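What the coordinates show
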Amino acid sequence: MPTMIKKDLKKFMKELKLHYDDVWRVPSSEYLKQPDFVVVDPKTGKKIKVSFVSLDDGEVVSVVYDDLS
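**Quick word on the overall build of the protein chain**
Regarding its fold elements, the protein chain presents 1 helix and 5 strands. What you see for the protein chain is a C-alpha radius of gyration of 12 Å, in line with the 11 Å of a compact globule of 69 residues. The C-alpha extent of the protein chain, read off along each of the three principal axes, is 40 × 25 × 20 Å. Put simply, 50% of the contacts in the protein chain that link residues at least 6 apart link residues at least 24 apart. Taking the average place of the 12 positive charges on the side chains of the protein chain and the average place of its 12 negative ones, the gap between the two points comes to 12 Å.

Pasting the structure below:
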């Protein structure tokens, strides 16, 4: 079960894009089958799943996300 974060989605995505250069919406990504965490907007109930894509040495190279179906 991934970690659940309750936060405004627009604000969360804006902050994520400030810290990471490559943030992509990739619905068919294999990384999203087991996301690192799920963000839930407490006002609307909308959810997105987020995963970090990293190299073998642990360096994060990208972030992928999509709406939770």
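Having seen the model, we can carry on.
**Details of the nonpolar core**
Formed by Leu9, Phe12, Met13, Leu16, Val23, Phe37, Val39, Ile48, Val50, Val63 and Tyr65, the largest nonpolar core amounts to 11 residues. Contributing elements (two or more residues each) for this core: helix H1 (9–19), strand E3 (37–40), strand E4 (47–54) and strand E5 (60–67). Looking at this core element by element, the count peaks at 4 residues for H1. Ignoring sequence-local partners within four residues, the contact set of Val50 consists of Phe12, Leu16, Leu32, Pro35, Asp36, Phe37, Val39, Val63, Val64 and Tyr65.

**Comments concerning the pattern of salt bridges**
Following the criterion strictly, the structure yields 5 salt bridges and no others. Note that Lys46 is salt-bridged to Asp67, the shortest N-O span being 3.9 Å. Note that Lys46 is positioned in the loop between E3 and E4 and Asp67 in strand E5, a separation of 21 residues in sequence. Taking relative accessible area as the criterion, Lys46 reaches 44% and is therefore assigned partly exposed. For Asp67, a relative accessible area of 31% gives the class partly exposed. Connected through shared salt-bridge partners, Arg25, Lys46, Asp66 and Asp67 make up one network.

Rules used in this analysis
Residues numbered from 1 in each chain as written. Predicted model: local features only at pLDDT ≥ 70, side-chain atom pairs only at ≥ 80, totals over all residues. Heavy atoms only, no water. Helix = DSSP H or I, 4+ residues; strand = E, 2+ residues; numbered from the N terminus. Rg over C-alpha atoms; globule rule 2.2 N^0.38 Å. Contact = heavy atoms within 4.5 Å. Lys, Arg positive; Asp, Glu negative; His and termini not counted. Charge placed at Lys NZ, Arg CZ, Asp CG, Glu CD. Core = buried A, V, L, I, M, F, W, Y, C linked by side-chain atoms within 4.5 Å. Buried < 20%, exposed > 50% of the residue type's maximum accessible area, 1.4 Å probe, protein only. Salt bridge = Lys/Arg side-chain N within 4 Å of Asp/Glu carboxyl O.

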